[in-house]
Each structure stands twice: as C-alpha cells, then as structure tokens.
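Here is how the chains run, residue by residue.
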Amino acid sequence: MLQYEFIRNAVIAGLLASIACGIIGTFIVMKRIVFVSGGISHAAFGGVGLSLLLRTDPLLGALLFAFLSSIGISVMHRRVRVTEDAAIGILWVTGMALGVIFISFSSGYTSDVFSYLFGSIIAVPRSDLILMSILDIIIVSAAYLLYKEIVAFSFDEEFTAAIGVPVESIYLIFLSLVALTVVLLMKIVGIILVIAMLTIPPTISIQLNHNLKRIIILSVLIAASLITCGLWLSILLDLPSGATIILVSVAALTASSIIRRYAEARMA
Amino acid sequence: MDDVAIRLDDVWVRYGEVTILESIDLTIRRRDFLCLMGPNGGGKTTLLKVILGLIKPTHGRVSVLGDRPERKRRFIGYVPQISRFNYDFPITVLDVVLMGRIRHAGLLRRYSAEDRESAYRAIEAVDMLNYIDKKVSDLSGGEIRRVLIARALAVNPEILLLDEPMVSLDKSTKTKIYELLKDLNEDRKVTIILVSHDISAAPTYAEKIAILNRRILYYGSKEDGWRLLEEAYGDHMNLAVKLPDYRSD
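This one's a predicted model, so the numbers in the text were calculated from it and none came from an experiment.

**Student:** Would you explain the pairing of strand β9 (residues 215-221) of chain B in this entry?
**Tutor:** For a regular strand, side chains alternate in direction, first toward one face of the sheet and then toward the other. Pairing between strand β8 (residues 208-213) of chain B and β9 of chain B: six bridges, direction antiparallel. Considered in β9 of chain B, the bridge of N213 of chain B is made with R215 of chain B.

Written out as structure tokens, the structure is:
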C-alpha cells in the first residue's frame, strides 16, 4: 500500500499528529479541560470558513481562530471564573456559526467543508506535512521546556500561583499549544472528531501506566497505532478515514477497559 | 517598620452583595506565630489568599515584607486545604514536594541537585521518607497533608501560611508537626500563620491569637484571647475542649 504517495503522506501525517495529540492530550485529560479544547477546535471552523471565502490555506485560518479563542478562554479564566463553562459553549457555537456564514458566501467549496469537519487524511499534500512538522517541533519544545510548570499548574493551580509562577501565562501558552494540536489533528479526523483523538489515547495510556512521563510517551504510541490502524481499515473497507479512526479508537478503549477490569478482578 | 512581615490596612473583600472580610486591620511582625481562629465561613481562607495576592481586596491595602504580595510570593510557603486539587494526577510524593522549588529552579530549567536536597529534607521533616516514590493518589488524607506541608517547607519560606493542616492527622503526627513549626519559628525565624479549629493544641504553640468572623473580633496575646473565648462560650467551653496547659500557670 505504501507505494502510493498519498498513502505514504497519510501515514506520515498520522504519525505527526500522534506526537502532538499524545503530549497535549495527556495534559488535557489530566487537567480536565476536554470541553475547553472542544471549544477551541470548533471555534477553528470559523477560520476554515474565512479561509475558504478568501481562498487561502484553511489550516492558516483555523490556526488564527484557534489562537484567538485560546486567548479568549484564558482571559475568561482569569476575569469571570464562574461562567467559564458557559462562555466556552458560546465561543464553540459562535465559531461554527461564523464558519457556516463565511462558507455560504463562498459557493462551490462545499465538498471541502466536509473534509475539514470530518477529516481527510487521504488528501494531505506535502506542504501540509511540512506545516505539521513545524507545529510538532513547536509543541514538543514548548512542552519540554515548560514541563515542570505545566505539571505543577495541572496538579494544583492555586499553589502554583501562590508560589509566584505566572499561571495565567502558562495557561495561555498551554491553550495555544492546544490550538496548534487542534489544527494538526483537523486534517486527520476533522474538527468534530478532534476531541476523540485528544482524549482516547491518553485515557487508554492512563489505564496502563502510573508514571506521567511514561503515560505521555505511551499516549503518543497508542495514538500512532490507532491512527495507522484506522487508516488501513478505512482503505481496506473503503470507509471515511476520520470516522474509522475514531471507531477503532473507541474499540481499543473498550477492550483496554475490559482487560483492565478483568486483570483487577484477578488480582483481588 | 522593618520588622513588619504582613500589614493589612482597612481591607475589604466583597463578592457582589456578600461581604467576606470587613475592614481588616492587621499587623503581623516577623517571627510572630499567629493562630487564626473563627467559625467556618468566617473568612479565614480568604484572608490567607489576600495575603498571598490570590484574591484582590475590594478595598484597602496589603503589604507583605514591605511590598505588594505578588512580588513576595517566593518567600511564602502555603499549605492549602486538602479538598481542592486533583487527586487522580499520576505524580509521586517527591515530585509534589519538588513543586515547592519551582521558583528556585527557575523557568525553562530542570530541578537542580540542591532543589532535590531541599525536597528530601522537607520530606524527612514530616516523616514521609518511606513514601517518597509513592503515588499521591495512593496516600491517606493525613499523609497527603504531610506532603503538602513538606512542599511548603521546601520553599524555604520566610512566611508560612497553613490552612487547617492538622485535620485527620493522628495525635503523635500532630504533635510532631507543631514542634516542627515551633522550631522553624524559633530557630529559623519563620513567621507563621496557622488557621486551625484545634483550640486545644494550636494556642499552646502559637504566641498570638486572632479571631475572625468577617471582622477581626480579637487580636492579641493568647491568654487574653482565651479569656474572651471562655466568656463567649461560658461553661460549654469545658465540655467542648480540653483546656490548654498554660491556663494552670
């Protein structure tokens, strides 16, 4: 299968996306901000719409909107704590609505829209692979350099603030990394399914492991195998790739949960 | 002026219609050991957070070591209440205590050998060396409290703020930690504010008492404070608590 360039590109894109989603996804699950990342990814759809209207690369538009929404969320986090949840919901639907309006002005691109919502790993051009690699490098180096701050912030935000770590900046940086990850994943599984790839691999990894660094590395490996496996199945059975990857992931999560239960029952 | 650790000047905290702190004037000197008491919801935790700069007063001025609280955070060790953090987090005792060294280590850097040494010493001080590689989620409530105290000690603080650190600790651990605080206060000249409901023991170790219920109802020596509490509660006091030792002096 790998002799076709588009399949080779798809596999490489999947591997590139796994790096980001394993690292950032672990912290998202740990810090319990799945909903926040959902908000950022859906807001990115506004950017996709705008790019289609202006005929620029939709990844750039998505990046812009995801960034803006992560700034918005981190400001809300500081200013109006109580309503953060509702505010994220509003951001979520606003981004989607803007996207739809923009797209309605740019007729003739509707088939593209479907691929951004549900992913099209088969149609990743080489230029996107380069962009994805750059995003990965940014994400990995930021996570490496700010590891102890991000861990402290995720574990106990209040103490971390009390000791004088600039938690608001750390949160903003972290949400920006989420934004980058969302854009990376968008090509693979689409905006609507991004949350699944941010949460399922880390959740399986946490079930198998207790050490944070190992959880992160294992999340990356799990994400890589789920995406590759889903991709292979989708080609084999002629199914949409994004949705197949998600279903393979859900099946893996279910299997791992059952095995873990069984193992615990035997240990007890 | 120089020996003032914390000064609050007509500090108010309001959330909408609700007043949490009302006109708080408080001067805490370096090396003071203050026990902060008062009913639940009386604003004790809020007061600590005002001192930490985590809550901005609606009105009034706060200074810590002669400066704004945000600028002096690296000199403050804080032991929060246990209820608020993420228990499931896969992290070991050592890694939690190392968080106390995060400012010393500095941004973009790993923890140094010196940071590790401070963390070890702090863990030893609360008698948790045997648990150093255990996951926090496997510990009991009392053990987690000792880890949180160690984390604050690892900061090597000039001011130590403890928010009900003794709840669910057994008696011998409690005594050990009180003695530890006393040593820090006397030998290392650490200023301590201890929020506690433990009216039987805490005032024995503290030098001063403040009673807070939205306003400071009393602030002064523990002997007078005790008399006041006794008057307020009358004979019920004897039923409720074992009176501390110094009353027999």
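Alright, that's what it looks like, and here's the rest.
**Student:** Would you mind showing me how to read the sheet that holds strand β7 (residues 191-195) of chain B here?
**Tutor:** Backbone hydrogen bonds are what pair the strands of a sheet, in a parallel or an antiparallel way. Residue and element names in this part refer to chain B. Ordered in space as β5-β6-β7-β3-β8-β9, the six strands form an open sheet in which the pairing is mixed. Sheet topology places β5 (76-79) and β9 at the edges, where each strand pairs with a single neighbour. With direction set aside, neighbouring strand axes in the sheet form an average angle of 15°. Pairing analysis gives four bridges linking strand β3 (residues 33-37) to β7, with the strands arranged parallel. Counterpart to F33 in the pairing with β7 is I192. The strands touched by helix α1 (residues 44-52) are β3, β5, β6 (159-163), β7 and β8; relative to β6, the strand with the most contacts, the crossing angle is about 150°.

**Student:** What's the story with the interface of chain A and chain B in this structure? I'm lost.
**Tutor:** Listed per partner, the contact involves 23 residues of chain A and 29 residues of chain B. Buried area between chain A and chain B, both sides added, is near 2700 Å², and the carbon and sulfur share of it is 66%. Of all residues in chain A, the largest losses of buried area upon contact with chain B belong to K148, F155 and F159 of chain A, amounting jointly to 30% of the total for that side. Taking the shortest distance from any N to any O, the salt bridge between K49 of chain B and E158 of chain A comes out at 2.7 Å. Mapped by element, the contributors of at least two residues to the side of chain A that touches chain B are α6 (126-145), α7 (147-155), α8 (157-162) and α11 (212-237) of chain A. If you tally residues by element for the side of chain A that touches chain B, the top one is α7 of chain A, at seven residues.

**Student:** I keep staring at the layout of surface pockets and nothing clicks. Help me out?
**Tutor:** With a probe scaled to a water molecule rolled over the atoms, the places where space remains empty come into view. Considered as a void within the structure, the second largest pocket measures approximately 520 Å³ in volume. As for the second largest pocket, its lining consists of 23 residues, of which Y147 and K213 of chain A together with D95, L98 and Y111 of chain B are closest to the centre. Elements represented by at least two residues in the lining of the second largest pocket include exactly α6, α7 and α11 of chain A together with α2 (93-98) of chain B. The element contributing the most residues to the lining of the second largest pocket is α7 of chain A, with four residues. Grouping the constituent residues of the lining of the second largest pocket by class yields twelve nonpolar, three polar and eight charged.

**Student:** Would you mind showing me how to read the packing of helix α4 (residues 113-125) of chain B against helix α5 (residues 141-154) of chain B here?
**Tutor:** All names here are of chain B. Running from N to C, α4 and α5 point in directions that differ by 140°, and their axes come no closer than 8 Å. With respect to α5, the element α4 is oriented oblique. In the crossing of α4 with α5, the sense of the turn from one axis to the other is right-handed. Between α4, through S118, A119, A122, I123 and A125, and α5, the contact on the second element is made entirely by A150, L153 and A154.

**Student:** I'm lost on a nonpolar patch on the surface in this one. Help?
**Tutor:** The grouping of Y144 and L145 of chain A together with L107 and L108 of chain B at the surface amounts to a nonpolar patch, some 410 Å² of accessible area in total. Relative to the elements of secondary structure, L107 of chain B occurs in the loop between α3 (102-105) and α4.

**Student:** What am I meant to see in unusual backbone geometry here?
**Tutor:** With phi around 50°, S23 of chain B is a residue other than glycine that occupies positive phi space. Its place among the elements puts S23 of chain B in strand β2 (residues 18-29).

**Student:** Looking at this model, I keep getting lost on helix α4 (residues 84-105) of chain A. Mind explaining?
**Tutor:** Residue and element names in this part refer to chain A. Here α4 is 22 residues long and its end C-alpha atoms lie 32 Å apart, about the 32 Å a rise of 1.5 Å per residue gives. Along α4, the residues classified as buried are E84, A87, I88, W92, G95, G99, F102 and I103. With its buried residues spanning 150° around the axis, α4 presents them on a single face. In α4, those exposed residues whose orientation departs by more than 90 degrees from the buried face are I90, V93, V100, S104 and F105.

**Student:** Would you explain the pattern of salt bridges in this entry?
**Tutor:** For side chains bearing opposite charge, pairing can occur when the charged atoms are close. Residues and elements named next belong to chain B. Inspection of every chain in the model, using the stated rule, returns 18 salt bridges over all chains. One salt bridge in this structure joins R30 and E158, with 3.5 Å as the shortest N-O distance. Here R30, found in the loop between β2 and β3, pairs with E158, found in the loop between α5 and β6; they are 128 residues apart in sequence, far enough to count as distant. Judged by relative accessible area, R30 falls into the partly exposed class, the value being 36%. Several salt bridges share partner residues, and in doing so they unite K56, R68 and E70 into one network.

**Student:** How do you make sense of the sheet that holds β2 of chain B when you look at a structure like this?
**Tutor:** Residue and element names in this part refer to chain B. Read across the sheet, three strands follow the order β2-β1-β4 without closing on themselves; strand pairing throughout is antiparallel. This sheet does not close on itself; its edge strands, each paired only once, are β2 and β4 (59-64). Neighbour to neighbour, the strand axes of the sheet diverge by 15° on average, direction disregarded. Where strand β1 (residues 4-15) and β2 come together, eight bridges link them in antiparallel fashion. Across the sheet, residue V13 finds its bridge partner in β2, namely L21. Packing against the sheet, α1 makes contact with β1, β2 and β4, and its axis sits at approximately 120° to β1.

Calculation notes
- Residues numbered from 1 in each chain as written.
- Chains lettered and ligands numbered in written order.
- Predicted model: local features only at pLDDT ≥ 70, side-chain atom pairs only at ≥ 80, totals over all residues.
- Heavy atoms only, no water.
- Pairing = 2+ DSSP bridges.
- Helix = DSSP H or I, 4+ residues; strand = E, 2+ residues; numbered from the N terminus.
- Axes fitted to C-alpha atoms, helices over the stretch in contact; angles between N-to-C directions.
- Contact = heavy atoms within 4.5 Å.
- Buried area = accessible area lost by both parts, 1.4 Å probe.
- Salt bridge = Lys/Arg side-chain N within 4 Å of Asp/Glu carboxyl O.
- 1 Å grid on protein atoms, 1.4 Å probe; cavity = no way out; pocket = protein on both sides within 12 Å on 5 of 7 lines; lining within 4 Å.
- Points joined across faces, edges and corners; volume = space filled by probe spheres on them.
- Nonpolar A, V, L, I, M, F, W, Y, C, P; charged D, E, K, R; others polar.
- Parallel < 35°, antiparallel > 145°, perpendicular 65-115°, else oblique.
- Left-handed = near helix turned anticlockwise from the far one by under 90°.
- Patch = residues over 30% accessible without salt bridge, like charges linked within 9 Å, V, L, I, M, F, W, Y side chains within 5 Å.
- Areas by Shrake-Rupley, 256 points an atom, 1.4 Å probe, with all protein chains shown as cover.
- Expected span 1.5 Å × (residues − 1).
- Buried < 20%, exposed > 50% of the residue type's maximum accessible area, 1.4 Å probe, protein only.
- Arc of directions from axis to C-beta.

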